[in-house]
Each structure stands twice: as C-alpha cells, then as structure tokens.
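Residues per chain are reported as follows:
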Amino acid sequence: MVSYETVGQILSEVEKMVSGKEVCMKKVFAAMLAGGHILIEDVPGVGKTTLALAFSKAMSLSNHRMQFTPDVLPADILGFTMYDKEKGEFFYREGAIMCNLFLADEINRTSPKTQSALLEVMEERRVTVDGIGHELPEPFLVIATENPKGSAGTQLLPESQLDRFMICMSMGYPDFDSEVRIARGKSSREGVEQIRPVIDARGLIDLQCAADAVYVHESIYEYVTRLVTATRENDYIDLGVSPRGTIACVRMAKAWAYVQGRDYVLPEDVTDIFLDVTAHRIVLNTKARVAKLAPAQVLGEITEKVARPTSFIPSETENRRRRRK
C-alpha cells in the first residue's frame, strides 16, 4: 500500500547516491509521479546519470542507458525486424527503449533523425517498426541529459521535441559539504548497491494514480491558464507555452503537492514548478536578446505580475464528494 511515507522512503534511498540536491531530487520524482519525461541540461559529471540509476534501483524499474553520439541510428533505440530462416518468418528485435526508465545521455549530440525517433515513443508510449506497433512496458519514463547549448558537437533540439519533456532543469554543482562527502566516496556509483528497493513498477503506477487524484480548485486551473496566457502575450516572447504545457503545469503541480505531503494544490505549488515546466517551451525574441534577458527572468516577472488566487482549499462539500469517490 503506497502512501506519503513511501515518497519519503524512496527519496531517502536516492539520497544515498546523490548528495546536496534535495530540491532537484524532489522535482525529478514529482515529474515521474506526473508521468512526464525529464530533460536535465548541465555540464558533464554533476550526477545526472547517477540520479537516474538511483531512482531506477529504489523503485525496481528496468532501465537502459544509451550514450547518444552522431553515429547512433533510430534502429538502435527502437529496435528492428529480422528474418528467422529456421521459422521462415520475421520477428521484432527489441531496441534499448524497451524498459521502464530510459536514460538518453547527451541527447543533443546525435542527429535530428535519431532525436525524432523518440517523439512517437515519448508521446504515444509505443514503438512502430515496419508498420507494426509494439507497446512499451508500464510505466515508461525518459530521463534525457544534454550538454549546455554551444558545447562542442551539440545541436539544438527542435521545439516539438522539447515540448514532450514535462520539465527541464539543471542540477548544478554540489555545495561544499556535499562535495566533501563525494570526495570521500560516499556518493560514488558503487553506492548503488546500498540502495534498498522500496516499491516496484506496479507501486510507481499506484503512486502516479495517487498524485493524479490530488485536488485542484477551479481558481488554480484559472491561475495556471492566466500564467500560460501571459507567456503568449509577453513583449519578450515570440513563442509562448503550448496547451500541452498547460496540462503539464497542472499535472506537475499536483505531483509536487503530493511529494510535499498534501492532497490539494496551493498557488505556491504552481509557482514552484512553473519555471521548470515552461522555460524550455518558450522562445525569446530579438528584443529580449538585446536586453540580455534569460527565460528565467522573463518568466519570473510573469509570476510576479499575475495575481494569485485567494481561495483554493477544498470545501467540506467537495471533501465529502471526494471521499465518496
């Protein structure tokens, strides 16, 4: 039986391998509970791969890791059809994507053709090879890492692919005390053996259902919509947040509230995750670039200007209705 305590137990296990990144861990876990994919942009060596491995071990998820290089082909990810001479028929040979948690390392170093191979998989949770569809295991999540824009051998991800990621975030360097622990070897990759599985894939699905059941007041829905609309009307933004981004904001806010131990969403939950959900979905215009504004600055100004709702806690009538469900 999953509960709020289960969330704390999973995070405690992950922390055995990842030190000093509590907020980052919680947001990644919240995105998992929301059923979304995660993009982590950062310099090499800050623990992106370690974080993914730690979560897969703590939740007993099957996981595959692929290093994306210019010579990686779509068939390497999706699989391919082979001919069996003994049986006289074709059969499907699974690709690396057939797992619960797929880690795409340095996704912006591979070709656009290979990147586009992930689009259907991330959106539809299925693989199509030679016109035949193959369902992915449930749950299915992608954690992709990318090197900072402008790094050697990288290219920009298209907006259509960026929009498939629920959140995009940066881990950053650890603080001093955490790096001392890393230097002592207490956060090394070998530490994965110390992680105790808390739940299995079925348990993660149950947690996702619990997070999805978190209550959202009508005023919160309107608040999210006002924030998203403001990105489409801002003088510094050419491309605002898509409707898919609106849905992602609501789902992520519900999951973030659940990770915090609540069964209803606060306006603060929305503002806490708004930058992570929307920064990679907007395109700044020339005016913003001339003013040397970053997406975080523009979005921060939007969250300050849009009024927060004052009524958002479920009423007694709503509580009774939820209990009956």
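Cut-offs used in this document
- Residues numbered from 1 in each chain as written.
- Predicted model: local features only at pLDDT ≥ 70, side-chain atom pairs only at ≥ 80, totals over all residues.
- Heavy atoms only, no water.
- Core = buried A, V, L, I, M, F, W, Y, C linked by side-chain atoms within 4.5 Å.
- Buried < 20%, exposed > 50% of the residue type's maximum accessible area, 1.4 Å probe, protein only.
- Helix = DSSP H or I, 4+ residues; strand = E, 2+ residues; numbered from the N terminus.
- Contact = heavy atoms within 4.5 Å.

K.L.:
Sorry if this is basic, but what is going on with the nonpolar core here?
P.N.:
One recurring pattern in soluble globular proteins: nonpolar side chains tend to sit buried together. If you look at the biggest cluster of nonpolar residues, it comprises 73 residues, and the most contacted ones within it are Phe29, Met32, Leu51 and Phe55. For this core, the element with the most residues is helix α10 (residues 243–259), which contributes ten residues. Leaving out residues up to four positions away in the same chain, leucine 51 has contacts with Val14, Val18, Cys24, Met25, Val28, Ile40 and Met171. With 28 residues, the next largest nonpolar core counts Met66, Val72, Ala144 and Cys168 among its residues.

K.L.:
In this structure, what is going on with unusual backbone geometry? I would like to understand it.
P.N.:
Most of the time, phi is negative for any residue but glycine, and the peptide bond is trans. In the segment running from glutamate 138 into proline 139, the intervening peptide bond is cis, with an omega of -5°. When you line up the elements, proline 139 lands in the loop between β7 (132–135) and β8 (141–146). One non-glycine residue, glutamate 106, adopts positive backbone phi at about 55°. Here glutamate 106 lies in the loop between β5 (101–105) and α5 (112–124). Here glutamate 106 falls in the buried class, since its relative accessible area comes to 16%. Even without glycine at this site, lysine 292 takes up a positive phi of about 60°. Judged by its relative accessible area of 73%, lysine 292 falls in the exposed class.

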